[in-house]
Amino acid sequence: MRVFKFGGASVKDAEGVKNVVTVLSETGHENTVVVISAMGKTTNALEEVVNAYFKQPESFKSILADAETFHQAIIEELFEAPNTPVHKRVKELFGQCHTFLVNNRSPHEAFVYDQVVSFGELISTSIVCAYLNHVGIAAEWIDARACIKTDNFYRSAHLDWERTQSAIQSQVQGNKLKITQGFIGSDDNNFTTTLGREGSDYSAAIFAYCLGATDVTIWKDVPGVLNADPRVFDKTQLLHHISYQEAIELAFYGASVIHPKTLQPLQRKEIPLFVKSFLNPTESGTQVGKGVRMRPEIPCYIVKKGLSLLRLSTRDFSFVVEDNISDIFKLLHEHKMSVDLIQNSAISFSVCVNDKYQNMETLLHNLRARFDVQYTPDVMLYTIRHFEENSATAILKAHELVLEQRTLTTLQLVMK
Ligand code: ADP
Ligand code: ASP
Ligand code: MG
């Protein structure tokens, strides 16, 4: 078995869906499980539906209707005939989403989020699967919710590996091409769950692990893993090979080309991961696997924007030691801050955080009850792996340095 993953960018329009056929024709499609994300920016649109629903219940309808129009236009371009089964299926799925929202009584936002946002993947896979069959590539649609079993920590559910393993083995059988959804699963009560934004890469790794796949390929709009995000940096270079460990580090520091949870399951079974361009499917791209750390060995740049830097010091000039630090972390955890960098000295403690859920005000209020807090909003964190003498020159010229941290392999700069 091989596992392929096509992300939102690869199926953002009818051309993209046709290109999936091209890729599958060029690479073969027997014994293949294809994991697909929602089309284009559909997940963002469905997030807006959920936000609108909780703020002004009636206003979600027009956003949902726009998402439906977007998908129906893609279907019309792919299938000449009107009212085919896929037209009906997609209408039915939007109808189910609408009915859920109208009848829902749960005030639990994360639960509602998962029930709604998951339709993006259910719809995209229905369209792609129907199109493959339409052009003569026999494909079977598989409901990932019957395969990926999780707890009920909605929006960021944790995998139940044992149940998932047996569910996947019973659901995925035969050598016919399989089309399934990334990002979604289900809990013990069969309510839909999601694995966290950008989680489709992780879904592909889960399927690969449970099937003992020979390899996984994630198809991207870039030639592979580059030494920096080409949207942010000029003159990026392709990394031909990277070790699992190096890829885990890059993803952990924020290289958004691979979801950080993807690599550990693959490493456990030594399943190679290929990152390739969906526009040039026969090019070799990047291989993540065993062996050398990185080829070529060059500095890699990662930037995270919109972070906040907090510098805490004690009021009585006492040291910031274990008890203070554990209290600080407890507060950070309670306010759902993700921590990107920490640095401490005898009398101060600095932490660079990502305030994903807009909790900064209450966090500051709670921290200020005990510490002097210097708060710097909107900073950027640059991480340079395998830095050399002049690797940071351009960054230091362009911005103001607020904090620096280095290890033997990694230089991190907090910039304003
Ligand atoms: P998907 O369609 O699978 O969701 P994403 O948009 O999430 O794809 O990921 C691909 C994007 O990741 C690229 O367009 C690129 O801008 C960005 N990216 C960030 N860091 C890197 C990197 N180191 N190498 C390649 N692409 C990167
Ligand atoms: N559709 C989901 C998202 O946009 C999952 C994914 O694309 O990986 O976050
Ligand atoms: Mg993505």
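Analysis parameters
Residues numbered from 1 in each chain as written. Chains lettered and ligands numbered in written order. Predicted model: local features only at pLDDT ≥ 70, side-chain atom pairs only at ≥ 80, totals over all residues. Heavy atoms only, no water. Pairing = 2+ DSSP bridges. Helix = DSSP H or I, 4+ residues; strand = E, 2+ residues; numbered from the N terminus. Contact = heavy atoms within 4.5 Å. Axes fitted to C-alpha atoms, helices over the stretch in contact; angles between N-to-C directions. Near = heavy atom within 4 Å. Polar contact = N/O pair within 3.5 Å; in protein donor to acceptor, adjacent residues only side chain to side chain. Areas by Shrake-Rupley, 256 points an atom, 1.4 Å probe, with all protein chains shown as cover. Nonpolar A, V, L, I, M, F, W, Y, C, P; charged D, E, K, R; others polar. Buried < 20%, exposed > 50% of the residue type's maximum accessible area, 1.4 Å probe, protein only. Arc of directions from axis to C-beta. Salt bridge = Lys/Arg side-chain N within 4 Å of Asp/Glu carboxyl O. Phe/Tyr/Trp six-rings, centres within 6.5 Å; stacked < 30°, edge-to-face > 60°. Disulfide = S-S within 2.5 Å. Expected span 1.5 Å × (residues − 1).

Another point: the sheet that holds strand S11 (residues 294–295). With mixed pairing, 9 strands are arranged side by side in an open sheet as S3-S4-S2-S1-S7-S9-S10-S8-S11. On the outer flanks of this sheet lie strand S3 (139–141) and S11, each paired with one strand and no other. On top of the sheet, helix H1 (residues 14–27) reaches strand S1 (2–6), strand S2 (32–36), strand S4 (177–181) and strand S7 (215–220); it is set at about 160 degrees to S1, its chief contact. Against the sheet, helix H9 (residues 244–253) touches strand S8 (241–243), strand S10 (286–289) and S11, its axis set at about 85 degrees to S8.

Moving on to the site of ligand 1. In the region of ligand 1, 17 residues are neighbours, and Lys-5, Lys-220, Asp-221, Asp-229 and Arg-231 sit closest. Separating an oxygen atom of ligand 1 from a backbone N or O atom of Ala-9 is a distance of 3.2 Å. Between ligand 1 and the protein, one listed contact pairs an oxygen atom with a side-chain N or O atom of Asp-229 at 2.9 Å. Contact with the protein chains removes 88% of the 570 Å² of surface that ligand 1 exposes when unbound. Looking at the shell around ligand 1 residue by residue, the class counts come to 7 nonpolar, 4 polar and 6 charged.

Further remarks concern helix H12 (residues 360–368). One turn of an α-helix holds 3.6 residues; hence residues three or four places apart share an orientation. Residues of H12 that are buried include every one of Met-360, Leu-363, Leu-364 and Leu-367, and no others. Down the axis, H12 shows its buried residues gathered within 100 degrees of arc, on one side only. Of the exposed residues in H12, those oriented more than 90 degrees away from the buried face are Glu-361 and His-365.

If charged atoms from side chains of opposite charge come close, those side chains can pair. Taken as a whole and assessed by the stated rule, the structure comprises 18 salt bridges. Between Glu-47 and Arg-197 there is a salt bridge, and its shortest N-O distance comes to 3.0 Å. You can see Glu-47 sitting in helix H2 (residues 42–55) and its partner Arg-197 sitting in the loop between strand S6 (192–194) and helix H8 (200–211), a full 150 residues away along the chain. Assessed through its relative accessible area of 33%, Arg-197 is described here as partly exposed. Each of the salt bridges in this network shares a partner with another, and the network as a whole consists of Glu-47, Arg-155 and Arg-197.

We now examine the packing of aromatic side chains. Under the definition given, this model contains 14 aromatic pairs. Ring geometry for Phe-6 versus Trp-219: centroids 6.1 Å apart, planes at 10 degrees, classification stacked. Taken together, the positions of Phe-6 in strand S1 and Trp-219 in strand S7 put the pair 213 residues apart, joining distant regions of the chain. Residue class for Phe-6 comes out buried when judged on its relative accessible area of 1%. An aromatic cluster of at least three residues, connected via ring pairs, comprises Phe-100, Phe-111, Tyr-154 and Phe-191.

On to the sheet that holds strand S13 (residues 338–344), then. With antiparallel pairing, 6 strands are arranged side by side in an open sheet as S13-S14-S12-S15-S17-S16. In this open sheet, the two edge strands, each paired with only one partner strand, are S13 and strand S16 (401–406). Sheet twist, expressed as the average angle between the axes of neighbouring strands with direction ignored, equals 30 degrees. Here strand S12 (residues 300–314) runs beside strand S15 (residues 371–385); their pairing, made up of 12 bridges, is antiparallel. In the sheet register, Leu-307 faces S15, and the bridge partner there is Val-379. Packing against the sheet, helix H11 (residues 322–334) makes contact with S12, S13, strand S14 (348–354) and S15, and its axis sits at approximately 15 degrees to S14.

What follows deals with the environment of Leu-310. Structurally, Leu-310 can be placed in strand S12. On the basis of relative accessibility, which here comes to 0%, the residue Leu-310 falls in the buried class. Along the backbone, Leu-310 and Met-1 are 309 residues apart, and their C-alpha atoms lie at a distance of 48 Å. Look past the residues within four positions of Leu-310 in its chain and what remains in contact with it is Phe-349, Ser-350, Val-351, Met-360, Leu-363, Leu-364, Leu-367, Val-373, Gln-374 and Tyr-375.

With that settled, the discussion passes to the site of ligand 2. Around ligand 2, the structure places Ser-37, Ala-38, Thr-43, Glu-121, Phe-183, Arg-197, Glu-198, Gly-199 and Ser-200. Between ligand 2 and Glu-121 there is a distance of 2.6 Å, counted from a nitrogen atom to a side-chain nitrogen or oxygen. Here an oxygen atom of ligand 2 sits 2.8 Å away from a polar atom, N or O, in the main chain of Glu-198. Coverage of ligand 2 by the protein chains reaches 92% of its 260 Å² of free accessible surface.

What follows is about the state of the cysteines. One pass over the structure, following the stated rule, counts 0 disulfides. Distance from the sulfur of Cys-129, which forms no disulfide, to the nearest cysteine sulfur (Cys-147) is 14 Å. Judged by its relative accessible area of 6%, Cys-129 is buried.

This next bit is on H8. Taking 1.5 Å per residue as the helical rise, H8 with its 12 residues ought to reach 16 Å, and the 17 Å between its terminal C-alpha atoms agrees with that figure. Most of H8 is tucked away, with 12 of its 12 residues classed as buried. All buried positions along H8 are accounted for by Ser-200, Asp-201, Tyr-202, Ser-203, Ala-204, Ala-205, Ile-206, Phe-207, Ala-208, Tyr-209, Cys-210 and Leu-211. Gly-212 sits one or two positions beyond H8 and adopts a positive phi of about 55 degrees.

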